[in-house]
Amino acid sequence: MAKRGTPVPTGAGVCPENVEALLRDALQNDRFTLAYQPQVDLQTGQLDGAEVLLRWLPPTGAPVLPPAFIPTAEATGLIHPIGEWVLRTACGQTHRWNANNRPFRLAVNLSPRQFSRAEEIVLAALRETGLDPGRLELEITEQSVAEDLPAAAGVLRRLNALGVRLALDDFGTGYSSLQYLARLPVHTLKIDRSFVAGMIRTAKARIIVENIIRLAHGLSMRVVAEGVETPGQRDLLRRQGCDLAQGFLYSRPLAGKKLRMLLTRPEPC
Ligand code: C2E
Ligand code: CA
Ligand code: CA
Ligand code: CA
């Protein structure tokens, strides 16, 4: 991880052209890094997988989080080389770690802009790194499938045929059509953290989460709760039968080295 220092000028008020030039420079000069956030089995407490989250290391200052630069990357097309770098690097690291440790599942975010080329880039990353496709899960959002459901279903079927897993991210926000669940070959459903945050406070959020879990299980899908921050949320999710949890209660996103240490440690998180 980069050293902490002066904050990088990528917040509000910075023009996208600046961000674009800085992103090009970052690609050329190796200024991206990956953080891994553990996903933990709610029943056993064991590490089950990790979501990879992109970080940009500017020449000075602290690492920059994706919401500050992914929109510019998407608007300029830079999301393609950046996304391919994420996939290749994360698959390569995971393949090396899996060789010596407890195997785990790697979850990678796929931007809607990358969706049409997904099969091509995933196949290239798997070939290049040798990662077992069953160890890779692609997180897609409803935005990727909303525009053209039949076409999206085709892309996902072809990805499925490669042997990779598919997760529907931020479920419950956006359009959330039940059509998606009926028509898309998805293995995992990620409940958005707004529901997890609300479920202690309101009976309605609790009932929604409970029924999303029941619905997903009825369709043979696994459920990951995002943004789990308190023991109260964890206990409630566990009682509701949720499979996996991800959030600050268990761990912040970690540098690769730290995740590898967790993989060699046998005891539960
Ligand atoms: P996401 O896919 O919903 O990822 C989860 C975000 O929630 C991450 O923010 C993570 O650090 C944060 N988070 C995890 N646990 C907690 C918690 O307990 N409480 C709270 N408040 N937040 C938590 P991050 O790393 O800033 O990423 C933001 C978004 O950027 C991601 O949302 C994802 O949509 C996008 N993103 C991240 N990496 C990539 C990437 O490699 N490619 C693309 N296309 N998008 C990415
Ligand atoms: Ca995600
Ligand atoms: Ca999410
Ligand atoms: Ca999100």
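Check the entry above for the structure.
Here the structure is a predicted model, which means the values were calculated and not measured. (Residues numbered from 1 in each chain as written. Chains lettered and ligands numbered in written order. Predicted model: local features only at pLDDT ≥ 70, side-chain atom pairs only at ≥ 80, totals over all residues. Heavy atoms only, no water.)

Colleague: Looking at this structure, I do not really get the coordination of the calcium ion (ligand 4). What am I missing?
Modeller: Working reference: metal with six octahedral donors, ideal angles 90 or 180 degrees; metal with four tetrahedral donors, ideal angle 109.5 degrees. Distances from the calcium ion (ligand 4) to its protein donors, namely Asp-170 (OD) and Asp-170 (OD), fall within the range 2.9 to 3.0 Å. One can find Asp-170 in strand β5 (residues 165-171). (Donors = N, O, S within 2.8 Å, 3.2 Å for Na, K, Ca; no water. Helix = DSSP H or I, 4+ residues; strand = E, 2+ residues; numbered from the N terminus.)

Colleague: Is there a simple way to think about the pairing of β5 in this case?
Modeller: Of all seven residues that make up β5, five are buried, and the element is covered over most of its length. Summarising the sheet, strand β4 (residues 136-140) and β5 pair through four bridges and their orientation is parallel. In the strand pairing of β5, Ile-140 is matched with Leu-168. Both β5 and strand β6 (residues 188-191) contribute to a ladder of three bridges, which runs parallel. Across the sheet, Leu-168 pairs through a bridge with Leu-189, a residue of β6. (Buried < 20%, exposed > 50% of the residue type's maximum accessible area, 1.4 Å probe, protein only. Pairing = 2+ DSSP bridges.)

Colleague: Honestly, the packing of helix α4 (residues 118-129) against helix α6 (residues 149-162) in this entry has me stumped. Any pointers?
Modeller: Packed helix pairs are specified by the crossing angle of their axes together with the interaxial distance, meaning the distance between the axes. Two numbers describe how α4 lies on α6: the axes approach to 10 Å, and their chain directions differ by 15 degrees. It follows that α4 is roughly parallel to α6 by the angle criterion. α4 and α6 meet at a crossing whose hand is right-handed. On the side of α4, the interface is formed by Ala-118, Glu-119, Val-122 and Leu-123, while α6 contributes Val-155, Arg-158, Leu-159 and Leu-162. (Axes fitted to C-alpha atoms, helices over the stretch in contact; angles between N-to-C directions. Parallel < 35°, antiparallel > 145°, perpendicular 65-115°, else oblique. Left-handed = near helix turned anticlockwise from the far one by under 90°. Contact = heavy atoms within 4.5 Å.)

Colleague: Explain the site of ligand 1 here, please?
Modeller: As a matter of local geometry, ligand 1 sits amid 22 residues, with Gln-37, Arg-55, Arg-193, Glu-229 and Phe-248 nearest to it. In this structure, Asp-169 approaches ligand 1 through a side-chain N or O atom, which is 3.1 Å from an oxygen atom. Contact between ligand 1 and Phe-248: an oxygen atom at 2.8 Å from a main-chain N or O atom of the residue. For ligand 1, the protein covers 82% of the area, taking 810 Å² as the surface of the free molecule. (Near = heavy atom within 4 Å. Polar contact = N/O pair within 3.5 Å; in protein donor to acceptor, adjacent residues only side chain to side chain. Areas by Shrake-Rupley, 256 points an atom, 1.4 Å probe, with all protein chains shown as cover.)

Colleague: Just to check I follow, could you spell out unusual backbone geometry for this structure?
Modeller: Working note: non-glycine residues mostly have negative phi, and peptide bonds are mostly trans. Positive phi, close to 60 degrees, is recorded for Asp-30, a residue that is not glycine. With respect to the helices and strands, the residue Asp-30 is situated in the loop between α1 (16-28) and β1 (32-41). For Asp-30, a relative accessible area of 62% translates into the label exposed. Positioned with a positive phi, Asp-170 is a non-glycine residue whose angle comes to about 55 degrees. Since its relative accessible area comes to 25%, Asp-170 is described here as partly exposed.

Colleague: What exactly am I supposed to notice about the pattern of salt bridges here?
Modeller: Pairing between side chains of opposite charge can happen when their charged atoms approach one another. Scanning the model with the defined rule gives 14 salt bridges in all. Residue Asp-48 pairs with Arg-222 through a salt bridge whose shortest N-O separation is 2.8 Å. Remark: Arg-222 occurs in strand β7 (residues 222-225) and Asp-48 occurs in strand β2 (residues 47-56); sequence separation between them is 174 residues. Among the salt bridges present, the one from Glu-137 reaches Arg-165, with a minimum N-O distance of 3.1 Å. Here the residue Glu-137 occupies a position in strand β4, and Arg-165 occupies one in strand β5, the gap between them amounting to 28 residues. For Glu-137, a relative accessible area of 1% translates into the label buried. Because the salt bridges share partners, they merge into one network encompassing Asp-48, Arg-105, Glu-137, Arg-165 and Arg-222. (Salt bridge = Lys/Arg side-chain N within 4 Å of Asp/Glu carboxyl O.)

Colleague: What is the right way to read the side chain of Lys-190 from this model?
Modeller: Within the secondary structure, Lys-190 sits in strand β6. A relative accessible area of 0% means that Lys-190 is categorised as buried. Here Glu-139 takes part through its side chain, which lies 2.7 Å from a polar atom of the side chain of Lys-190. In contact with Lys-190, other than residues within four places in its own chain, are Gln-39, Glu-51, Glu-139, Leu-168, Asp-169, Asp-170, Phe-171, Val-224, Glu-226 and Gln-246.

Colleague: Even after reading the chapter, I still don't get the packing of helix α3 (residues 79-100) against α4, so can you show me in this structure?
Modeller: Contact geometry of α3 with α4 gives a least axis separation of 9 Å together with a crossing angle of 35 degrees. Crossing handedness for the pair α3 and α4: right-handed. Where α3 abuts α4, its residues Glu-84, Leu-87, Arg-88, Cys-91, Gly-92 and His-95 lie against Ile-121, Val-122, Ala-125, Glu-128 and Thr-129. Residue classes in the contact of α3 with α4 are distributed as five nonpolar, three polar and three charged. (Nonpolar A, V, L, I, M, F, W, Y, C, P; charged D, E, K, R; others polar.)

Everything listed here is a matter of coordinates, which is why it stays silent on function.
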